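# Structural overview
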Amino acid sequence: MPSPAVPFFSPRGAAFGVDLGVCLQGVVDSGWYVLGPNVREFEQAFARYVGVGHAVGVANGTDALALALRALGIGPGQRVATVANAGCYASTAIAQVGAVPCFVDVDEGSLTLSPDRLRATLRDGPVGAVILTHLYGRMGEASAIAALCRQAGVPLIEDCAQAHGAVRAGRQAGAWGAVACFSFYPTKNLGALGDGGAVLTDDTALAERLRALRQYGWARKYEVALAGGVNSRLDELQAAVLLAKLPRLDAANAERRAIATRYGAAFADLPLACPPLPGEDDVAHLYVVRTPRRAELQAHLAARGIASDVHYPVPDHRQPVRAGQAAPDLPVTEAACAEVLSLPCYPGLTPAQAEQVVGAVRGFFDQARPC
Ligand SMILES: *Cc1c(COP(=O)(O)O)cnc(C)c1O
């Protein structure tokens, strides 16, 4: 099949104008491939960027979540509060440590963890940790949720895999909880040329446990001191790429916001629920609209060479792997999963391509309008 006129991702745009070949060649020539100088330098630069004390590079974002849970001492049987509309990554990590997800509904406006619903959950029974996912690039209710967690004495884990660089009240996504987890999957706002992730924290003892856990539980080479260790390291090739791209992350996020702003203006009069215009706490990871006519709109776009996607079609509690288990009552989550549609929005999407998307979306509603 020919590639669509407007694809869903631009590898060229994702390079942020950096010559990645030079980065890679430098690592090849250095002869050091895993947990070396690039990883160390990237960890320091990224911790400084987010404004926390420590960053620990790991193999991917899901491992980052699992290692954060493990380092906080979360284990078998413990409940972890999370949302069910964010792609199942948190649920996967919770299962990895033997804990049990306790699904909490999201707020209608933000589609992120509802502070009111979380308050009720925390009253209902013991919770070992809370995971707040900043979804589609928009920061969740970090301040209210951090306060609830503090009152309840429960650690807050931020899932920042879609929110690199989002900032509210001078504070970055990743600087609100006890621990923050990032993914550097290629399509994320800060992406590598493969898998990568990081766990960030201000807590020095926690950072040390994370460093041990990502490498077999080693206190030092060949001495396994911590139970639950795994092999989840960031490699030098990925770290060199991330280090070179980091100084250009804010500019790339501005590019995403400009596209989202253009769409917002172009779709304002349509019978289509659009995200709010992005402020600095929204890095426009995905441009997600809502319509009960999702399948029709998606087919209309595909026929015009415009890629789109659904983030995410099946909520965690409805996944086949949970068949037979009682489903929690999550009406806002379920309604959203049935209606959300993501339109192309990424660095490297040209103004002409954005206008193609605008024209096609407007065309869909125009043709459907009764005369
Ligand atoms: C991508 C993503 C993850 C998982 O990251 P991987 O590197 O793919 O394991 C976790 N949470 C959210 C919200 C994500 O978007």
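Residues numbered from 1 in each chain as written. Predicted model: local features only at pLDDT ≥ 70, side-chain atom pairs only at ≥ 80, totals over all residues. Heavy atoms only, no water.

For the rest of this paragraph, the subject is the overall build of the protein chain. Assigned secondary structure in the protein chain consists of 12 helices and 13 strands. Summarising its shape, the C-alpha atoms of the protein chain cover approximately 75 × 55 × 40 Å along the three principal directions. Evaluated residue by residue, the protein chain yields a buried proportion of 56% over its 371 residues. Long-range contacts, defined here as pairs at least 24 residues apart, represent 70% of the contacts in the protein chain between residues at least 6 apart. In the structure as shown, the protein chain presents an accessible area of about 15500 Å², 54% of it carried by carbon and sulfur atoms. (Helix = DSSP H or I, 4+ residues; strand = E, 2+ residues; numbered from the N terminus. Buried < 20%, exposed > 50% of the residue type's maximum accessible area, 1.4 Å probe, protein only. Contact = heavy atoms within 4.5 Å. Areas by Shrake-Rupley, 256 points an atom, 1.4 Å probe, with all protein chains shown as cover.)

Taken together, Asn60, Gly61, Thr62, Tyr89, Thr133, Asp159, Ala161, Gln162, Ser183, Lys188 and Tyr312 make up all the residues around the ligand. Between an oxygen atom of the ligand and a side-chain N or O atom of serine 183, the distance comes to 2.7 Å. A total of 380 Å² of accessible area belongs to the ligand in isolation, and the protein chains cover 93% of it. The residue inventory of the shell around the ligand, partitioned by class, reads three nonpolar, six polar and two charged. (Near = heavy atom within 4 Å. Polar contact = N/O pair within 3.5 Å; in protein donor to acceptor, adjacent residues only side chain to side chain. Nonpolar A, V, L, I, M, F, W, Y, C, P; charged D, E, K, R; others polar.)

Next up on the list: the packing of helix H5 (residues 115–124) against helix H6 (residues 142–152). With their axes 10 Å apart at the nearest point, H5 and H6 run at an angle of 10° to one another. Between H5 and H6, the angle is such that the two are roughly parallel. Facing Pro115, Leu118, Arg119 and Leu122 of H5, the residues of H6 in contact are Ala144, Ile145, Leu148 and Ala152. Looking at the contact of H5 with H6 residue by residue, the class counts come to seven nonpolar, no polar and one charged. (Axes fitted to C-alpha atoms, helices over the stretch in contact; angles between N-to-C directions. Parallel < 35°, antiparallel > 145°, perpendicular 65-115°, else oblique.)

A separate point is the environment of alanine 59. Tracing the backbone through its elements, the reader meets alanine 59 in the loop between strand S1 (54–58) and helix H3 (61–71). In this structure the C-alpha to C-alpha distance between alanine 59 and arginine 233, which are 174 residues apart in sequence, comes to 4.9 Å. Setting aside chain neighbours within four positions, we find alanine 59 in contact with Asp195, Gly196, Gly197, Ser232, Arg233 and Leu234.

Moving on: helix H1 (residues 20–30). Here H1 has its buried residues at Leu20, Cys23 and Val27. Taken end-on, H1 shows its buried residues confined to a sector of 60°, consistent with a single buried face. Relative to its buried face, H1 has exposed residues pointing more than 90 degrees away, namely Val22 and Asp29. Next to the buried residues of H1 lie helix H2 (37–50) and helix H8 (236–245). One or two positions beyond H1, positive phi appears at glycine 31, with a value near 75°. (Arc of directions from axis to C-beta.)

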